[in-house]
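# Structural overview
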Amino acid sequence: MVLIGFKKVPSAIYDFLWILAEGCLTMIALPFIFTFALLCYIYYFFIKRKEYKSQEPYQQFNHILITGTSSGIGKGLAVELCKRRNQLIRKYNKITEKVSLIDNIENKFILTLVGRNVEAMKEVKKECEEILSGDENYEILIREADVTDKEKIKTIVEEYDYDLVIANAGVSLYQLKGGKKDINKLDNFKLQQKVWETNLTGCTNTIFPSATKMINDSLNGNKKRRHIVLISSGTAYIPEISGIYGITKSTLLQLGKSLRFSFKNSNDCSNIRVNVVTPGWVKSKMADAFPDENLKQGMLSAEDAAMYICDGIERDYEIIDLTGLFGIVMRSVLWHSFPYTLSSAMAGLFSLD
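Residues numbered from 1 in each chain as written. Predicted model: local features only at pLDDT ≥ 70, side-chain atom pairs only at ≥ 80, totals over all residues. Heavy atoms only, no water.

## Topic: the confidence of the model for the protein chain
Taken as a whole, the protein chain shows an average pLDDT of 82; of its residues, 76% reach a score of 70 or greater. The model gives residues 97-106 a pLDDT under 50, and that stretch makes 19 contacts with residues more than four places away or in other chains. (pLDDT = per-residue confidence, 0-100. Contact = heavy atoms within 4.5 Å.)

Laid out in structure tokens, this is it:
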């Protein structure tokens, strides 16, 4: 029996009434949802983005922190940001006819690589140093840490006055399984908890102390533009069929949007920008671990993904979408327009966990 108000009705009747009411309301609402979504899509891509592209790209990031930099998107971002720093130096030297930048601590370029694989990060550091060989005013730092270690990450974040923090560290269930298929239910559930802790708790461990420090600086009169970037995923649009990974990434997407508008509408902290990245398939260890090769369509290299992400950060895109046509369809038409009964059935039938 199911309690509705103060009356009890049989579960079968309740389910029938629920599906009937939901189906009728969905049929009535969907045309309006599709029309509104299409108008939003036209506005965002043909009007709003045109405004973004007309803006001069912002490239004055001096102190940068990136988590998950041993490979994939994190490594790509570290290398790409160093390339852009090098381009700025060359541009400056060409204009001023000087050999190096002004020796001023405010202009010193600091890039902090955070991760667990120190040897891999040393290789990333070496590559970044080769790119910045013509710069005399930089420092590449390596900080070994697991993003789930709240206190250690807080200490690292507060070490410098970062104006760009990228919460990139993440893991998929397939990575943790390591190709094993005969994992029992209890062990599988423990791995799902690890995905949650890394992707979601690890992200908030990074961005919350970063945001706190940025807010304090803003309230004390430092209005330098600052960015917090959350790396979500295209699966955030369809968490119903993406399992625990998609759920964590969908949560990050909503969190990022909420934080962005919180800062944007603030008189004191509007200098703090929040961007959310929704990558599709990007060449990485995470992509390699996924078993179905047929689903890996439109694969980007980590280098190309990093280039697009940096372009989006510099122009302050709300969502930096790298999912292509899939993302357009999901964002403008299908995202959250499924009735609950259908989405629940999809979760049961197609869950990737």
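## What to know about the packing of aromatic side chains
This model, assessed by the stated rule, comprises four aromatic pairs. A centroid spacing of 5.1 Å and a plane angle of 75° characterise the contact between Tyr-58 and Phe-61, whose relative ring orientation is edge-to-face. Assigned by exposure class, Tyr-58 and Phe-61 land together as buried. With 6.1 Å between their ring centres and 70° between their planes, Tyr-160 and Tyr-162 make a pair best called edge-to-face. Taking the relative accessible area as the measure of exposure, Tyr-162 reaches 4% and is therefore buried. Among the aromatic residues, those joined into a cluster by ring pairs are Tyr-174, Trp-281 and Phe-290. (Phe/Tyr/Trp six-rings, centres within 6.5 Å; stacked < 30°, edge-to-face > 60°. Buried < 20%, exposed > 50% of the residue type's maximum accessible area, 1.4 Å probe, protein only.)

## A closer look at empty space enclosed by the protein
Summed over all chains, the structure comprises two cavities of 30 Å³ or more. The computed volume of the largest cavity comes to approximately 120 Å³. Together, Gln-59, Phe-61, Ile-64, Leu-81, Arg-84, Arg-85, Leu-88, Phe-109, Cys-310, Ile-313 and Glu-314 line the largest cavity. Among the elements that make up the lining of the largest cavity, the one with the highest residue count is helix α2 (residues 72-96) (four residues). Residues belonging to the lining of the largest cavity are distributed by class as follows: seven nonpolar, one polar and three charged. In this structure, the second largest cavity spans a volume of roughly 50 Å³. Contributing to the lining of the second largest cavity are Val-157, Tyr-160, Asp-161, Tyr-162, Val-165, Ser-210, Lys-213 and Met-214. Here the lining of the second largest cavity gets three residues from one element, more than from any other, and that element is helix α6 (residues 185-219). (1 Å grid on protein atoms, 1.4 Å probe; cavity = no way out; pocket = protein on both sides within 12 Å on 5 of 7 lines; lining within 4 Å. Points joined across faces, edges and corners; volume = space filled by probe spheres on them. Helix = DSSP H or I, 4+ residues; strand = E, 2+ residues; numbered from the N terminus. Nonpolar A, V, L, I, M, F, W, Y, C, P; charged D, E, K, R; others polar.)

## What about the pattern of salt bridges?
It is possible for side chains of opposite charge to pair when their charged atoms get near one another. Scanning the entire structure with this criterion turns up 17 salt bridges. Between Arg-260 and Asp-316 there is a salt bridge whose closest N-O contact spans 3.1 Å. Of this pair, Arg-260 sits in helix α7 (residues 243-264) while Asp-316 sits in the loop between α9 (302-314) and β9 (319-322), and the two are 56 residues apart along the sequence. The exposure class of Asp-316 is buried, given its relative accessible area of 8%. (Salt bridge = Lys/Arg side-chain N within 4 Å of Asp/Glu carboxyl O.)

## Observations regarding the packing of helix α4 (residues 150-157) against α6
Put simply, α4 and α6 touch, their axes get as near as 9 Å, and they point 40° apart. Judged on the interaxial angle alone, α6 and α4 are oblique. In the crossing of α4 with α6, the sense of the turn from one axis to the other is right-handed. Counting all contacts with α4, which are made through Lys-150, Ile-153, Lys-154 and Val-157, the residues of α6 involved are Asn-205, Thr-206, Pro-209, Ser-210 and Lys-213. (Axes fitted to C-alpha atoms, helices over the stretch in contact; angles between N-to-C directions. Parallel < 35°, antiparallel > 145°, perpendicular 65-115°, else oblique. Left-handed = near helix turned anticlockwise from the far one by under 90°.)

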